[in-house]
Amino acid sequence: PVFARNACMAERIYKARNLKREPVFKPNRLKGLDKIEPSIVFLNLMGELFNNTIGVHNAILIRTMLVGLKHYNHQFLIATKQPQNITQSLDIPDNVWLGVSICNRQMFDMLISFIENERGGRPFWHGHFWISFEPLYERIVISDRNAKILKHAGIEWFTVGGQTNPNIYPEEDWIKDLVSFGA
């Protein structure tokens, strides 16, 4: 399954400006991280490391990046709208948290289906797992059944937001529904 089409602001910007979509690792942007207090660092805020066109070169690049990150005392957050492209063969360091961006019920249902069918209900990967409900375009009610699936898959926390599209904000009731799942 493909999780997101036209849901990513970065994707729309790339298309509008006719830019390359391939991940690029810029190690010089990590300079100085070893000299500051341990922090939480969000990588690829406006990108997609695990897109559908991830070739062998990019797979090697991602593996190299992940190996390099384990040498820092920081927690690194990576979010994707394409979890089906993450393989168990990636050696994800303990200080890297992989997240899935969910915008609507269809993407949420696809994630549940992916975990059940593709992953056999096993934990998503050996590391940390989180969900970003951002941009949240509609109410997502997490049933008891789906809550069990997510907990078994190893979800540790989630975030909720709506700023990707300044014209659509999550309603307070939508957020309360998600918070009640996390409680």
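Notes on the structure in this doc start here. What you are looking at is a predicted structure, and each value in this text was computed from that prediction instead of being measured.

The rules we used
Residues numbered from 1 in each chain as written. Predicted model: local features only at pLDDT ≥ 70, side-chain atom pairs only at ≥ 80, totals over all residues. Heavy atoms only, no water. Salt bridge = Lys/Arg side-chain N within 4 Å of Asp/Glu carboxyl O. Helix = DSSP H or I, 4+ residues; strand = E, 2+ residues; numbered from the N terminus. Buried < 20%, exposed > 50% of the residue type's maximum accessible area, 1.4 Å probe, protein only. Axes fitted to C-alpha atoms, helices over the stretch in contact; angles between N-to-C directions. Parallel < 35°, antiparallel > 145°, perpendicular 65-115°, else oblique. Left-handed = near helix turned anticlockwise from the far one by under 90°. Contact = heavy atoms within 4.5 Å. Core = buried A, V, L, I, M, F, W, Y, C linked by side-chain atoms within 4.5 Å. Pairing = 2+ DSSP bridges. Patch = residues over 30% accessible without salt bridge, like charges linked within 9 Å, V, L, I, M, F, W, Y side chains within 5 Å. Areas by Shrake-Rupley, 256 points an atom, 1.4 Å probe, with all protein chains shown as cover.

A separate point is the pattern of salt bridges. Within this structure, the stated rule accounts for four salt bridges. The partner of E138 in a salt bridge is R105, and the shortest N-O contact between them spans 3.2 Å. Of this pair, E138 sits in the loop between β4 (128-133) and α4 (144-153) while R105 sits in helix α3 (residues 105-118), and the two are 33 residues apart along the sequence. Exposure remark for E138: the relative accessible area of 22% places this residue in the partly exposed category. The exposure class of R105 is partly exposed, given its relative accessible area of 41%.

Turning next to the packing of α3 against α4. α4 packs onto α3 with a crossing angle of 55 degrees between their chain directions and a minimal axis gap of 10 Å. By the criterion of interaxial angle, the relationship of α3 to α4 is oblique. Seen along the crossing, α3 lies across α4 with a hand that is left-handed. On α4, the residues touching F108, L111, I112, I115 and E116 of α3 are R145, N146, I149, L150 and A153.

This next bit is on the nonpolar core. If you look at the biggest cluster of nonpolar residues, it comprises 23 residues, and the most contacted ones within it are I102, F108, I131, F133, I140, I142 and L150. Secondary-structure elements contributing two or more residues to this core are α3, β4, α4, β5 (155-160) and α5 (172-182). Element by element, the count of residues in this core is highest for α3, at five residues. The residues touching I142, leaving out its near neighbours within four places in the chain, are F108, F133, A147, L150, L178 and F181. L43, M65, F76 and L90 belong to the second-largest nonpolar core, a separate cluster that totals 17 residues.

Spatial ordering of the open sheet is given by β1-β2-β3-β4-β5, a layout of five strands whose pairing is parallel. The sheet terminates laterally at β1 (40-42) and β5, the two strands that pair on one side only. Neighbouring strand axes in the sheet, compared pairwise and without regard to direction, differ in orientation by 25 degrees on average. Sheet topology note: the strand β2 (residues 75-80)/strand β3 (residues 96-101) ladder contains five bridges and is parallel.

Together, V160, I175 and V179 make up a nonpolar patch on the protein surface, roughly 200 Å² of accessible area in all. Tracing the backbone shows V160 in strand β5. Accessibility expressed as a relative area gives 31% for V160, which makes it partly exposed.

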